[in-house]
Structures are given as C-alpha cells and as structure tokens.
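# Coordinates in review
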Protein chains: 2
Amino acid sequence: MNYSENLLFQCVSENDCRRMLDCMKARKRDFFAGEEIYSFDTPRKIVGILLSGQAAVVRYEYNGTRSILENLSPKGIFGEHLSFVPSDDSCIAVVCQTDCQVLFIDYQRLTATCQNACSCHTQLIRNLLQLLSDKTRSLSERVEVLSQRSIREKLMCYFMQLAAGKNSSTFELPFTMIDFADFLSVNRSAMIRELGKMKQEGLIRISRRTITLL
Amino acid sequence: MNYSENLLFQCVSENDCRRMLDCMKARKRDFFAGEEIYSFDTPRKIVGILLSGQAAVVRYEYNGTRSILENLSPKGIFGEHLSFVPSDDSCIAVVCQTDCQVLFIDYQRLTATCQNACSCHTQLIRNLLQLLSDKTRSLSERVEVLSQRSIREKLMCYFMQLAAGKNSSTFELPFTMIDFADFLSVNRSAMIRELGKMKQEGLIRISRRTITLL
DNA sequence: GATATTCTGTTGCTTTTGCAACATTTTTGT
DNA sequence: ACAAAAATGTTGCAAAAGCAACAGAATATC
C-alpha cells in the first residue's frame, strides 16, 4: 500500500508520508462488511480515509427512515469536520458495504503544523484544501439532485451527473435500487414506477444497474 | 472597513492583509440590489467575499424553476471552487438582495504561495480551510433538510437548525415566503398551507417571519 | 443444488403535493 | 400620501408520490 497514492498525500514522498503519519499518530484499522466504521456522535475530531473497500455515510432518522448521504470509494475521506452534522433526532454513521481498510488521523494534528515543522505539512494542508473543495463540489451536486421537484427530474439530474462524470451516456448505478431510492429521498416503488415510464417513453434504456441515456 | 475582521484574514494583521490583497490583485466592487454579482459560467476561477449587504446563490433551471442554493451574509464566501456546479440545463449566479460590496480574489493566486513568500499566506490557506469546512457543514445541513420526505418534515428540520444555530426556540426566517419555498424546493402555497396546519396543531407559533417552536 | 434471503418490479388505493386563480396585506417608489 | 408592485394567504381540483402487499428474480448460504 502506497500512501502517496492517496489524494491527501499527493506530491509528498512515500518516506515523508510515513514520517508524517507517525508524527500525527495515524492509525490503520480493518473492518468487515456491515460493520460501523465511525459514528458522528463520538466527541473526537477525526478524519478517516478509506484505503480499500466500499462504504457509505448513512443517516438514521429516529422515525425509521434512512438516507444515504454519500458513497465512499477508496481514497474517499470523511469525518466530523468535513461534513454532516447529526441533529437531535438522527444519527449519522459510516458503514462498510464490503470489507474495508481505513486510516484515521486526528484533525487537530492534521491541521496544526507539528513542532518538527515538516515542510511537507504545508503540502498536506493544500491537499486537504483540494479534498474539501471536491467534497463541497459533490455535496453541491447532491443538493442539485435533491432540489429537483419530481422523481423524474431527480433521476434525470443524477443520471446526467453520472454521464458527465463518466463522459459516456452509458453508466452503472453505484447502488441497489433500495439504496438508490434512499439516496434520492423518494419512495422506492414510486421510483421504479417512474423508471418504467421513462423506459417506455424511450428516454432511457435500463437493464439491472446499467443505464443508457437516449 | 477592516479586512482582518473577515474570517479569511483571521490572525493576519491589517497591514499584512492589505499587502497580500495587493499581491493577489484583489479587486473590490459595489453592486446594487438585484444586480448579478457573479455568474458561474465565467471561465475565471474567482473567490468572492461579501463585505456588506445580502446576496443569494441562485440556480435558474431552463424549465423556469428557481432554487436558492444558499444565502450569503457579510463575510460569506462564494465561487467556483467552493461549491455548486452548473449543469447543462441550468445556470447559477450570485444575486444581490440589497446593495452589496464584494471583494474578488483570483483562486490561483489565493492558493499559490506567492514569490514574495509571505509567511502569512500559510495562515490564509489555513483560514480558507476553515471556511471550506464551514461551507461543507452548511451544505450538509442543506442536504439534511432536502432529504426529508414531506414538506412538514423539511420545515421542522430547517426550523430545528435555525433554533440550534440561535440557541433559542424563537427565530427569524432569513427569507421571504417565496424564497423560502424555493429554498426548500417545494410549492409555495403547499408550504404555506402546511405552515397553517402546523400552527393550528400547536406545533409552532408564527407571525410574519418570526417563528417559535412549541 | 436446495433453501433462505435479499433485491426487483407490479399494482390499487390513499395521501400529499403542486397548480392556478384569486383576495388581502405589506412594501416600495415618487 | 398615494399608486403600483410585491408578498402573503386561501381554496378547489388535478397530478404525483407514498404506502402496503405481493410475486418473481437474483444472490447468498449451507
């Protein structure tokens, strides 16, 4: 595993990485599918980096509804200071969808220039800036989808984002239909009904999780 | 006007501020209410800071619907790299609600350490990090509101956020009802109808834009 | 390879939301 | 102070979305 491949350590040599991680007391941990990586209730301000596997940031409302706030792929970054604030009647957690390996770094240590005054710490902060910028971008995209008024508009908006991201009118949904409905914050059967209509009207082609915009 | 009051220049002396702003070729401009401060279509990567007045980040869909993506108060920061990506069938702009004064800084110059190697540039970047972190937080809150399923849930969710922010069960809506409906991405009359019901059921007290949770 | 479990897709019914048109109130501009 | 414009609030009707219950398909488990 090369740390320097991670976006957070871009332009930092592997040696410097290891030294810094040591200096920041970063910890690595393995998780099994379904396990909870991180709960936003914990008081410690920690940044997590997904090294391998798939995970999701999930909110459980106390009335039972569940929302997928974000999908995390390897190199994905999460944590208290990066986003998502649990409210009084909900809790937020990062949950593994497959087996995962995660790196944890204390936020204070990450942003404070250490007494060893690593010159590369500046680079680290600049990288963090970029990551936050990216995160803001993806949150904005999510807001764009959610602020569509109808299920069809939500679907199309998200499809266009995926298509733009892959630069192709054919793409794969990164969700089960159940999770997809939770992601769009709509009723699953209403969503599938709408997908059916869109298929009939010739707007899209769809087979399982592969979708083509026509 | 003291620049060092601005969050972006926190812990930077007024002198250093002026020197850096000069070095980064920052420009200051005045706008009238209703004017467009900034459109996200422009190719230049620019960061704007609202020095005075009220403005909003607005998306106009080509089908006519309008969504308020964010409200900006003095010291608010906006720009391409900080958030919001216009899609093929929408455009995003920052629009003044009152007369405004805005400071523009080139993003490249802001994040690149200048050749003069101002030591305070490091501080500037750290401040930017904090601002982005805050922005991410507010976007997350917005996602939380929008991912509620019904109008009532959206209203309550947003009210709780306002109440938590002001630490009081009485607070002022920062919107007209029209803008508020656009912010929640719901129909205005349906929203007002729901507010009426909630009032009747004794959940809230409401008079004009002042709301009390009961 | 049989069984259990999860996921996918369908449908009728109910509820909620959106829409349009209007009356009333408040704000703005001169 | 007055007129014009904008914002607020109401309502009936239409459309969309949610819900529940179910059947079939795919996947996992042993």
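The structure contained in this document is the topic of the report that follows. (Residues numbered from 1 in each chain as written. Chains lettered and ligands numbered in written order. Predicted model: local features only at pLDDT ≥ 70, side-chain atom pairs only at ≥ 80, totals over all residues. Heavy atoms only, no water.)

## Some remarks on the pattern of salt bridges
Inclusion rule: Salt bridge criterion: a side-chain nitrogen from Lys or Arg within 4 Å of a carboxyl oxygen from Asp or Glu. Exposure categories follow from relative accessible area, calculated using a 1.4 Å probe and restricted to protein chains: below 20% of the type maximum is buried, above 50% is exposed, and the middle band is partly exposed. Only DSSP runs of H or I covering at least 4 residues are called helices, and only runs of E covering at least 2 are called strands; the numbering of each starts at the N terminus.
Following the criterion strictly, the structure yields 15 salt bridges over all chains and no others. In this structure, Glu35(A) engages Arg29(A) in a salt bridge whose closest nitrogen and oxygen atoms are separated by 3.9 Å. Looking at Arg29(A), the relative accessible area reads 41%, which means it is partly exposed. Lys135(B) is paired through a salt bridge with Glu70(B); the nearest N and O atoms lie 3.1 Å apart. With Lys135(B) in helix α3 (residues 120-146) and Glu70(B) in strand β5 (residues 66-72), the pair connects residues that are 65 residues apart, well separated along the chain. Lys135(B) sits in the buried class, given a relative accessible area of 6%. Each member of the salt-bridge network shares a partner with another, and the members are Arg152(A), Glu194(A) and Glu201(A).

## Some remarks on the pairing of strand β10 (residues 204-207) of chain A
All names here are of chain A. Counted only if it meets this: When DSSP finds two or more bridges between a pair of strands, those strands are recorded as paired.
Here β10 shows one buried face, formed by Ile204 and Ile206, and one open face, formed by Arg205 and Ser207. With 4 bridges joining them, β10 and strand β11 (residues 210-213) adopt antiparallel strand pairing. Bridged to Arg205 within β11 is Thr212. The turn joining β10 and β11, which pair antiparallel and follow one another in sequence, is formed by 2 residues; a positive phi near 50 degrees is taken by Arg208.

## Some words on the nonpolar core
Formally: Within this scheme, the nonpolar core is defined by two criteria: the residues are buried Ala, Val, Leu, Ile, Met, Phe, Trp, Tyr or Cys, and they are joined through side-chain atoms within 4.5 Å. Residues are treated as being in contact if the distance between any of their heavy atoms lies within 4.5 Å.
Membership of the largest hydrophobic core comes to 46 residues, with the highest contact counts inside it found for Phe9(A), Ile105(A), Phe9(B) and Ile105(B). Filtering out sequence-adjacent residues up to four positions away, Phe9(B) remains in contact with Tyr3(B), Ser4(B), Cys17(B), Leu21(B), Leu103(B), Ile105(B), Leu124(B) and Asn127(B).

## Quick word on the sheet that holds strand β4 (residues 55-61) of chain A
All names here are of chain A. Heads up, the rule is: Every angle, taken between N-to-C directions, lies between 0 and 180 degrees, and every axis is a line fitted to C-alpha atoms, over only the stretch in contact when it is a helix.
Read across the sheet, 4 strands follow the order β2-β7-β4-β5 without closing on themselves; strand pairing throughout is antiparallel. The open sheet terminates on both sides in strands that have one partner only, identified here as β2 (36-39) and β5 (66-72). Mean inter-strand twist for the sheet, computed between neighbouring axes without regard to direction, equals 25 degrees.

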